[in-house]
Amino acid sequence: MSAEFGGRSGRQGKLSQWLRGRRPKQAAGDGGRETLLLAAAEAGLPLAPAAHPAGYRCSCDRVGCPTPARHPVSFAWQTQSTTDHAQIERWARHQPQANFITATGMVHDVLDVPLDAGREALDRLLEAGVEVGPVAESDDGRLLFFTLTRGTPEDEDEWWPCELDCHPETMDEHPGLRWHCRGSYVLVPPARLPGDDDPSVRWVRGPEYPLPDPLSLLEYLTDACARYADVRPDPTGAAWPLRH
């Protein structure tokens, strides 16, 4: 998890001062969970409570839950999502095991890629001097790049769709690059997946980094995903490239 909150100016410097001003007892009591959640909110990421692991199952108790510990607890998560510190503190303290999601398409989007492709792209982006914002890693084999959103225009005709757009119900259709925008969400660190005691979703680069334009990252991510695309046999024995 990133702990590089100091030594920055502007909004990052204010965030550093705010984090240093948190009471140590709060951070120590929950392994830093509440401090990390509030740091995400301070960076503008709207949060809402999510399910959590119950052993190897999901806390929602739904038989065969398709996304255990990865989904919001309320159907109203889009309107419920907030950056209000007092509300997030209440949720965190009243639901000490809960994961949290951040709703995309309001302030930020997330470009979600397979782990190996994401690591290669991140190295190339940093070597090229491209501004990279917050990045999270998930133990289910994904790297999440947090970016500015494409926006939520009042005029629906101004919205430009993309074939990479991903929503909770279309996750399986996007094994390569997923673009979480309006109507989608991702887990925000720290979060746990079933079977893990330690955080399964953690920051590689924390929320103190400014959100970049998604288009500045897209070419690097799509190139890396193309190089790491799997070739899997189909039931007839033929091979087909997993490219989307």
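Given the structure is predicted, the values throughout are model-derived calculations rather than measurements.

## A short note on the packing of helix H3 (residues 33-42) against helix H5 (residues 85-94)
So, point 1. In the contact formed by H3 and H5, the axes pass within 10 Å of each other and the chain directions differ by 150 degrees. Put simply, H3 runs roughly antiparallel to H5. The handedness of the crossing between H3 and H5 is right-handed. Residues Arg 33, Glu 34, Leu 37, Leu 38, Ala 41 and Glu 42 of H3 form the contact with H5, whose participating residues are His 85, Ile 88, Glu 89, Ala 92 and Arg 93.

## Some points on the nonpolar core
So, point 1. Among the nonpolar cores identified, the biggest contains 20 residues, and Leu 111, Val 113, Val 132, Phe 145, Leu 177, Leu 217 and Leu 221 are the most heavily contacted of them.
So, point 2. Of all elements in the fold, only strand S5 (108-114), helix H6 (115-127), strand S7 (142-148) and helix H7 (215-227) reach the threshold of two or more residues within this core.

## A few points about the pattern of salt bridges
Close approach of charged atoms lets side chains of opposite charge pair.
So, point 1. Inspection of the entire model under this criterion finds eight salt bridges.
So, point 2. The closest approach of N and O atoms between Glu 34 and Arg 93, which form a salt bridge, is 2.8 Å. Linking Glu 34 in helix H3 with Arg 93 in helix H5, this pair joins segments that are 59 residues apart in sequence.
So, point 3. When the shortest N-O distance is used, the salt bridge between Arg 202 and Glu 137 registers 3.5 Å.

## With respect to H3
So, point 1. Across the 10 residues of H3, nine count as buried, placing the element largely inside the fold.
So, point 2. Directly beyond the C-terminal end of H3, a positive phi value near 100 degrees is found at Gly 44.

Rules used throughout
Residues numbered from 1 in each chain as written. Predicted model: local features only at pLDDT ≥ 70, side-chain atom pairs only at ≥ 80, totals over all residues. Heavy atoms only, no water. Axes fitted to C-alpha atoms, helices over the stretch in contact; angles between N-to-C directions. Helix = DSSP H or I, 4+ residues; strand = E, 2+ residues; numbered from the N terminus. Parallel < 35°, antiparallel > 145°, perpendicular 65-115°, else oblique. Left-handed = near helix turned anticlockwise from the far one by under 90°. Contact = heavy atoms within 4.5 Å. Core = buried A, V, L, I, M, F, W, Y, C linked by side-chain atoms within 4.5 Å. Buried < 20%, exposed > 50% of the residue type's maximum accessible area, 1.4 Å probe, protein only. Salt bridge = Lys/Arg side-chain N within 4 Å of Asp/Glu carboxyl O.

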